[in-house]
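Each chain is listed here by its residues.
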Amino acid sequence: MHTMRTILVKKSALALLGVLALAACGGTSAPDEAGAGDATAADATQKAEPVEVGALTPRITLAHDGGITTIDSADGAVLGSAELEGYTRLGPAGDGRHVVTAGAGGFRIYDTGLYAQAHGDHSHYFTVDPALTGLQVEASEPGHIVPHGARTSLFADGTGEITTFDPAGLAEGTLGEVQTTASDAPHHGVAVPLEDGGMLRTEGTADSRTTVLVEDAEGNEIARTDDCPGVHGEAAAQPTESGDVVTLGCENGPVVYRDGAFHKVAVDGDYQRSGNQKGSEASPVVLADNKVEAEPAGGTEHPTSIALIDTRADTMRTVELGSTYWFRSLDRGPAGEALVLTADGELNIIDPDTGAIIHEVPVMGAWEEPEEWQTPGPMLAVADGTAFVVDPATKKLSMVDVASGEIYRELDLPVVPHEIQVTTGTASGEYDVAGEHAEGEGHDHEGHDHASDAGGAEEHDHEGHDHEGHDH
């Protein structure tokens, strides 16, 4: 492993060996010389002064043909947008405010424009207009975006390079201390920053991926497994006293990293792939897809059962749902509930410990998985105790209270989206500080009082994307 650290400060034009560019909102080139173009990301984003408000409502950012658009979850009003060329993916930056886009040129930081400032036993809430910040990490074939703990990693598939930063600095227009890690070879990989300063990451090539390793904060290898063919999909579960717990999907059953070592999960048959996983720090059980056909008819497997991986015992149970789903169908609730959007138009809310279906919520009509994974299709995201369920075919979004299974709001969408991210203004998704809301304000969604997202799906989940052989 080759690691380099660089500290980027506000009003600086430093470039990370050509990898990191501080670009103006309308362009992608760095200033000509250090100190030139002192307009920073924060300056570019916050042309107007922040406005203090009594309470925050989650903001919904949608990727669509031509760019990204942010709307208010209260009424669907368009709050801001940005034009971006090509196909754009979205991921959480890790601070509850910013979103990372992955597309042409690499990774770019987008400010959704809401944040909370804690003041002792209460918080103050502020909003600004959403906008691209100007912070950009140039990358060939930008891939997985993984926030975990206090850091966020960006994996460039085209080079195998990993860029890790502290999202706390984004509000000040900087990526702070940036660490770059070089893999042995370019591959479709992933890296998970660990709480102790170490990193879990993959090694492989464009043709084969079988290795996952863990390095400490100094870059020393402390654990490795080579028994994970086709490694893809990762999630962080409830940690143990020893630290982080991370699962990964393989083509011969999942593998669990726990207590400083890798543990293989036994499965029936020679082939089992969980290339898309969702974890929650509130639960030791990870939700994953369950594919069992090495060579599916037509090239695409459409499973009807999901996997629940118990990271305590290194075991897996399957739950039959009676309807198909796809990689955008999975997420987690605030108490660790497993959420699956199935093709019969239902949102299934599942107890991860027992596999029992708590709620079956009809949210849209029946649908079929698109032939191309880039095509807009049904999707969901979870934040502030709410499942935000999108039906691009009708340009509708339904907001479902996870605890009760009730739909409490529906919005018309201004675009046909292919990806969604929801931000709340805090990294954990919590508005409550020391048991009190600012100015006595709660978050009552028409009778559905949501305390928080418990640091789960929206801000801390680590999404894997198994696109039927395309592995993006």
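This section reports on the structure supplied with the text. Just so it is clear, the structure is predicted and the values come from calculations on it, not from any experiment.

For Asp-259, which is not glycine, the phi dihedral falls at a positive 55°. By secondary structure assignment, the location of Asp-259 is in the loop between β23 (255-258) and β24 (261-264). Here the phi dihedral of Asp-384 falls at roughly 55°; this positive angle occurs in a residue that is not glycine. Residue placement: Asp-384 occurs in the loop between β33 (379-383) and β34 (386-391).

Throughout the structure, instances matching the rule amount to five aromatic pairs. With 5.5 Å between their ring centres and 90° between their planes, Tyr-87 and Trp-373 make a pair best called edge-to-face. Of the two residues, Tyr-87 sits in the loop between β6 (78-83) and β7 (89-92) while Trp-373 sits in the loop between β32 (357-362) and β33, which places them 286 residues apart along the sequence. Exposure remark for Tyr-87: the relative accessible area of 28% places this residue in the partly exposed category. Accessibility expressed as a relative area gives 8% for Trp-373, which makes it buried. Ring geometry for Tyr-257 versus Phe-262: centroids 5.2 Å apart, planes at 55°, classification tilted. With respect to burial, Tyr-257 and Phe-262 carry one shared label: buried. Members of the aromatic cluster, connected to one another through ring pairs, are Tyr-87, Trp-326, Phe-327 and Trp-373.

Another point: the environment of Ala-261. In this structure, Ala-261 sits in strand β24. On a C-alpha basis, the gap between Ala-261 and Ile-222 in space is 8.2 Å, while along the polypeptide they are 39 residues apart. Discounting chain neighbours no more than four positions away, the residues touching Ala-261 are Ala-223 and Val-256.

Procedures and definitions
- Residues numbered from 1 in each chain as written.
- Predicted model: local features only at pLDDT ≥ 70, side-chain atom pairs only at ≥ 80, totals over all residues.
- Heavy atoms only, no water.
- Helix = DSSP H or I, 4+ residues; strand = E, 2+ residues; numbered from the N terminus.
- Phe/Tyr/Trp six-rings, centres within 6.5 Å; stacked < 30°, edge-to-face > 60°.
- Buried < 20%, exposed > 50% of the residue type's maximum accessible area, 1.4 Å probe, protein only.
- Contact = heavy atoms within 4.5 Å.

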